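Structural description and commentary
Next come the chains, spelled out residue by residue.
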Amino acid sequence: MAALDDDAATAQPEWSFLEWRRFPPLYTLQPHPQTRKAQLKIWVDVVWHWAQENDAWTFRPDACGAFSNASIDRALDQKGAAAVVDAVVAAKRGELLEDGRLWVMAERPDDLADRVYEWAAATDRLGGVYTLAELSE
C-alpha cells in the first residue's frame, strides 16, 4: 500500500461552516499529529466564520459559543480551545490580547497588504506617500 503524502492525508471535505459545527468528532482534539493539524486548520475557519456570523471579532475563548454546539451537546474542552486559539494566532488569523481575549482578524494582514498593493499599482500610486484621508478620496 502506498504511503499518503501530507496533502492527501490532511485533505478536508468541502463542507460548510455549519456542517463542520454539526460534526461531533470536531469537538474532540485528535491524538494523531496529521489529523490534529487538519482538525485545527478546520477550527481556524470555524472560528473565523463564527466571529463573522456573530459579529464578535473580539471575545473571551472560555466564555463564547465558538467552541460548543448545544444542538449536538458537544464542546471542546479547555485544552482543545487553547489549541484552537494557538492555531488561530499561528495562522495569522487572530491575536491573543493581554486581557485574554482573542481578536479574530476579518482579513489576514498579508492579504490586506496584497490588496492595497494591487490597488496602488492599478491607480498608479506606487512609490508615493499618502495619508489615509488622501487615499479615501
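Everything here concerns the structure above.
Keep in mind it's a predicted model, so treat the numbers as computed, not measured. Residue numbers restart at each chain and count upward from 1, following the sequence in its written direction. Under the rules for a predicted model, residues below a pLDDT of 70 receive no local features and side-chain atom pairs below 80 are neither given nor counted, while totals for whole chains, interfaces and linings still include all residues. To obtain the side-chain values, all non-hydrogen atoms of the structure were included, while hydrogens and water were left out.

Thoughts on a nonpolar patch on the surface
This is how the line gets drawn: In this analysis, a patch consists of residues with relative accessible area above 30% that form no salt bridge, clustered at 9 Å for like charges and at 5 Å for the nonpolar side chains Val, Leu, Ile, Met, Phe, Trp and Tyr. For every accessible area listed, the method is Shrake-Rupley and the probe measures 1.4 Å; residues are considered covered only by the protein chains on display. Only one rule defines a salt bridge in this text: a Lys or Arg side-chain nitrogen within 4 Å of an Asp or Glu carboxyl oxygen. Where helices and strands are cited, they refer to DSSP runs of H or I of at least four residues and of E of at least two residues respectively, numbered from the N terminus.
Where nonpolar side chains cluster on the molecular surface, the patch consists of Leu112, Val116, Trp119, Tyr130, Leu132 and Leu135 and spans about 560 Å² of accessible area. Among the elements of the structure, α5 (109–122) and α6 (132–136) are those that each provide at least two residues to the nonpolar patch. Among the elements that make up the nonpolar patch, the one with the highest residue count is α5 (three residues). Within the element layout of this structure, Tyr130 appears in the loop between α5 and α6.

So, the packing of helix α3 (residues 33–54) against helix α4 (residues 78–90)
Each pair of packed helices gets described by two things: the angle between the helix axes and the distance between those axes. Formally: Note on method: axes are straight lines fitted to C-alpha atoms, helices fitted across the in-contact stretch only, with angles between N-to-C directions ranging 0 to 180 degrees. By the definition adopted for this analysis, an angle is roughly parallel if under 35 degrees, roughly antiparallel if over 145, roughly perpendicular if from 65 to 115, and oblique otherwise. By definition in these notes, contact holds between two residues if any of their heavy atoms fall within 4.5 Å. When residue character is reported, Ala, Val, Leu, Ile, Met, Phe, Trp, Tyr, Cys and Pro are called nonpolar, Asp, Glu, Lys and Arg charged, and the others, Gly included, polar.
For the pair α3 and α4, interaxial distance at closest approach is 9 Å and the crossing angle is 80 degrees. Considered as vectors, α3 and α4 are oriented roughly perpendicular to each other. Between α3 and α4, the residues in contact are Leu40, Trp43, Val44 and Val47 and Ala83, Val84, Ala87 and Val88, respectively. Broken down by class, the residue content of the contact of α3 with α4 amounts to eight nonpolar, no polar and no charged.

Observations regarding the pattern of salt bridges
We apply this condition: Three exposure classes are used, based on accessible area relative to the maximum for each residue type with a 1.4 Å probe and protein chains only: buried under 20%, partly exposed in between, and exposed over 50%.
This model, assessed by the stated rule, comprises three salt bridges. Of the charged contacts, one joins Arg101 and Asp99 as a salt bridge, the two residues approaching to 2.7 Å between their closest N and O atoms. Take Arg101: its relative accessible area is 31%, and that puts it in the partly exposed class. Where Arg115 meets Glu107, a salt bridge forms, and the shortest distance between an N and an O atom there is 2.7 Å. Owing to a relative accessible area of 49%, Arg115 belongs among the partly exposed residues under this scheme.

Digging into the sheet that holds strand β4 (residues 94–96)
To keep it simple, the criterion reads: Should DSSP find at least two bridges between two strands, the strands are taken to pair.
Taken together, the three strands give an open sheet; going across it, the order is β1-β5-β4, and neighbouring strands pair in antiparallel fashion. Single-partner strands in this sheet number two, and they are β1 (58–59) and β4. In the sheet, β4 pairs with strand β5 (residues 102–104) via three bridges, with the strands oriented antiparallel. By the bridge assignment for β5, Gly94 is matched with Val104. Lying on the sheet, α3 is in contact with β1 and β5; it crosses β5 at an angle near 85 degrees. Against the sheet, α4 makes contact with β4 and β5, and its axis sits at roughly 125 degrees relative to β4, the strand it touches most.

So, the packing of aromatic side chains
In plain terms, the rule: Aromatic pairs are defined between Phe, Tyr and Trp rings, using the six-membered ring for Trp, whenever the two ring centres lie within 6.5 Å; interplanar angles under 30 degrees are classed as stacked, those over 60 as edge-to-face, and all others as tilted.
Tallying each qualifying case throughout the model produces seven aromatic pairs. Consider the rings of Tyr27 and Trp43, whose centres lie 5.4 Å apart with planes at 85 degrees: the pair is edge-to-face. With Tyr27 in the loop between α2 (17–21) and α3 and Trp43 in helix α3, this pair connects stretches of sequence that are 16 residues apart. Trp43 matches Tyr27 in its accessibility class, with the two residues each being buried. Taking the centre distance of 5.8 Å and the plane angle of 50 degrees together, the rings of Trp43 and Phe67 count as tilted. Residue Trp43 is located in helix α3, and its partner Phe67 is located in the loop between β1 and β2 (68–69); the two are separated by 24 residues in the primary sequence. An identical accessibility class is assigned to Trp43 and Phe67; each is buried. Taken together, Trp15, Trp20 and Phe23 form an aromatic cluster joined through their ring pairs.

Everything listed is a geometric property; what it means functionally is a separate question.
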